[in-house]
Amino acid sequence: MKTKETALDILFDEIKRGKVFMMLPDPMFAWLEIVYNKAKEIEKNQIKDAYKNGALTEFLKISELKDSEQYYNETYNQQDNESNSNRD
């Protein structure tokens, strides 16, 4: 399954590509990366909650579906790993 990029991934990638980004001092880059990782965790939880709520809305038993963690990992996690390795 091809993984998807989230809006947050696209935003962070565009910031990294910007010429101004290269002029940031190391502490500012480290701070920006911390903020990105916190936002990414919040976004992950929102995606998982939306998946769970959508399943409940359809009156399906959660146990018959992938759990939200499995859904997130299959859909987005590969991208998370690629994004994290690109920042190292």
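Read on for an overview of the structure. (Residues numbered from 1 in each chain as written. Predicted model: local features only at pLDDT ≥ 70, side-chain atom pairs only at ≥ 80, totals over all residues. Heavy atoms only, no water.)

### Digging into the pattern of salt bridges
Basically, it comes down to this: When a carboxyl oxygen of Asp or Glu lies within 4 Å of a side-chain nitrogen of Lys or Arg, that pair is called a salt bridge. Only DSSP runs of H or I with at least four residues qualify as helices, and only runs of E with at least two residues qualify as strands; both kinds are numbered from the N terminus onward. The buried label applies to any residue whose accessible area, calculated with a 1.4 Å probe on protein chains only, is under 20% of its type's maximum; exposed applies above 50%, and partly exposed to all values in between.
In this structure the tally under the stated criterion is 5 salt bridges. Taking the shortest distance from any N to any O, the salt bridge between Glu14 and Arg17 comes out at 2.9 Å. Highlighted residues: Glu14 and Arg17, both in helix α1 (residues 7–17), separated by 3 residues, approximately one helical turn. Relative accessible area serves as the criterion here: at 46%, Glu14 is assigned to the partly exposed category. Salt bridges linked by common partners bring Asp9, Lys40 and Glu43 together as one network.

### Focus on the packing of aromatic side chains
We count it as follows: Classification of ring pairs rests on two measures: the distance between centres of Phe, Tyr or Trp rings, Trp counted by its six-membered ring, which must be within 6.5 Å, and the angle between planes, read as stacked under 30 degrees, edge-to-face over 60 and tilted in between.
Applying the stated criterion across every chain, the model contains 2 aromatic pairs. For the pair Phe12 and Tyr36, a centre-to-centre distance of 4.3 Å together with 25° between the ring planes defines the contact as stacked. You can see Phe12 sitting in helix α1 and its partner Tyr36 sitting in helix α2 (residues 26–57), a full 24 residues away along the chain. The pair Phe12 / Tyr36 is uniform in exposure class, with both members buried. Taken together, a centroid distance of 5.4 Å and an interplanar angle of 25° make the contact between Tyr72 and Tyr76 stacked. Linking Tyr72 with Tyr76, this pair stays in helix α3 (residues 68–87), spanning 4 residues, or about one helical turn. Look at Tyr72 and you get buried, because its relative accessible area is 1%.

These figures come from the coordinates and say nothing about function on their own.
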